[in-house]
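Structural description and commentary
Here is how the chains run, residue by residue.
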Amino acid sequence: MKFKRIVLIMAMEDEARSIIHELNLIHKGKLLSPLPMAFYEGKYKSLNVDLVTSGKCYKHNVDHIGPQAAILNTASAIGQLHPDLIINPGTAGGFMSAGGNIGDVYLSYPMICYHDRRIPLPGFDAYGVGSYYCFDTREIANSLGLKTGVVSTGSSLDYIQKDLDMIKSYGGVVKEMEAASIAWVADLYKIPFFAIKSITDLVDNSTPTEEEFLKNLESASFALSREIIRVIDFLANHQE
Ligand code: SAH
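Rules behind the numbers
- Residues numbered from 1 in each chain as written.
- Predicted model: local features only at pLDDT ≥ 70, side-chain atom pairs only at ≥ 80, totals over all residues.
- Heavy atoms only, no water.
- Buried < 20%, exposed > 50% of the residue type's maximum accessible area, 1.4 Å probe, protein only.
- Helix = DSSP H or I, 4+ residues; strand = E, 2+ residues; numbered from the N terminus.
- Pairing = 2+ DSSP bridges.
- Axes fitted to C-alpha atoms, helices over the stretch in contact; angles between N-to-C directions.
- Left-handed = near helix turned anticlockwise from the far one by under 90°.
- Contact = heavy atoms within 4.5 Å.
- Nonpolar A, V, L, I, M, F, W, Y, C, P; charged D, E, K, R; others polar.
- Right-handed = clockwise from strand over helix to strand, strands pointing away.
- Near = heavy atom within 4 Å.
- Phe/Tyr/Trp six-rings, centres within 6.5 Å; stacked < 30°, edge-to-face > 60°.
- Lys NZ or Arg CZ within 6 Å of the ring centre and 35° of its normal.

The next thing to look at is the pairing of strand 5 (residues 47–53). On any regular strand, side chains alternate: one points to one face of the sheet, the next to the other face. Across the seven residues that make up strand 5, a large majority, six, are buried. Note that strand 1 (residues 5–10) and strand 5 share six bridges and pair parallel. In the strand pairing of strand 5, I9 is matched with V52. With two bridges connecting them, strand 4 (residues 43–44) and strand 5 associate as antiparallel partners.

In structure tokens form, the structure reads like this:
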């Protein structure tokens, strides 16, 4: 694992705040004007560690969450920063039925799929799901005591039954809104990629997702920052 330039692609400023703080990253303004992505630069031991958030929507004044901004963010970050590893830290929904708990942190493995691109045409059905393979995170997960699993991406925070059926069909255990998009762009450039996701809410319990998400965002973001730093430290210490 000889990575020198790591870029963290993130959706929400609230999720990124403690990572930026703990890694002492420096805010360098917009990554590539006029795009809204915000660029933070830093170093960890021998590694360059940069972070790019998708910034705020000037029209609606909220973070640019979701798969579209994640693609623009990743493509711009690759063009500007030339990473040799891309990581997507973020929060996500977990599944009680898969043994998930709030505060768990997962590394993506073996793949990342889309659950809401339903295209019932030959060939396009599988294209819609994507099934992007990611970097083999098992060694990192085993060493650090993290869970691994299939991450599932869609455009919505809530879900309909068809989303759940799709997630079940490929054994998804983590539901969020960016990872598959980042995986797609990373795959086009053949840059290794994985996601690290901290569970804010459980999809298959009775509490509405938005209520649980807001209640647990702070503690899950803290767990996320603690674990991404352990992962980066592992990468810095395994440079052969
Ligand atoms: N309204 C919230 C925004 C939450 S959107 C706010 O006011 O801050 C959800 C973000 O968290 C997305 O970036 C997504 O990747 C992640 N997420 C967390 N739980 C999720 C779930 N159950 N389903 C989909 N995305 C989830």
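Moving on, we get to the packing of helix 2 (residues 67–81) against helix 6 (residues 179–188). The N-to-C vectors of helix 2 and helix 6 enclose an angle of 30 degrees; their axes lie 8 Å apart at closest approach. The way helix 2 lies across helix 6 gives a crossing that is right-handed. Of helix 6, the residues touching helix 2 (which contributes P67, A70, I71, T74, A75 and I78) are S181, I182, W184 and V185. The residue inventory of the contact of helix 2 with helix 6, partitioned by class, reads eight nonpolar, two polar and no charged.

For the rest of this paragraph, the subject is the pairing of strand 9 (residues 147–153). Strand 9 sits mainly inside the fold: five of its seven residues count as buried. In the sheet, strand 7 (residues 105–114) pairs with strand 9 via six bridges, with the strands oriented parallel. When the bridges of strand 9 are listed, Y106 appears paired with K147. Two strands pair when backbone bridges link them, and strand 9 and strand 10 (residues 172–176) are joined in this way by four bridges, in the parallel orientation. By the bridge assignment, T153 is partnered in strand 10 with E176. Each parallel crossover has a hand, and the one from strand 9 via helix 5 (residues 161–169) to strand 10 is right-handed.

Taken together, 18 residues sit near the ligand, with M12, K175, M177, E178 and D201 positioned nearest. Listing elements by their share of the shell around the ligand, those giving two or more residues are strand 6 (85–94), strand 10, strand 11 (193–202) and helix 7 (209–237). Each residue belonging to the shell around the ligand can be placed in one class, and the counts come to eight nonpolar, five polar and five charged.

This paragraph deals with the packing of aromatic side chains. Counted by the stated rule, this structure contains four aromatic pairs. Here F3 and F135 contribute two aromatic rings whose centre-to-centre distance is 5.6 Å and whose plane-to-plane angle is 75 degrees, an arrangement assigned as edge-to-face. Of this pair, F3 sits in the segment before strand 1 while F135 sits in the loop between strand 8 (132–133) and helix 4 (138–144), placing them 132 residues apart in sequence. Side by side, F3 and F135 carry an identical accessibility label, which is buried. An aromatic cluster is defined as three or more aromatic residues linked by ring pairs; in this entry it consists of F3, F135 and F194. Above the plane of the ring of Y127 lies R117, whose end atom (NZ or CZ) is 5.2 Å from the centre.

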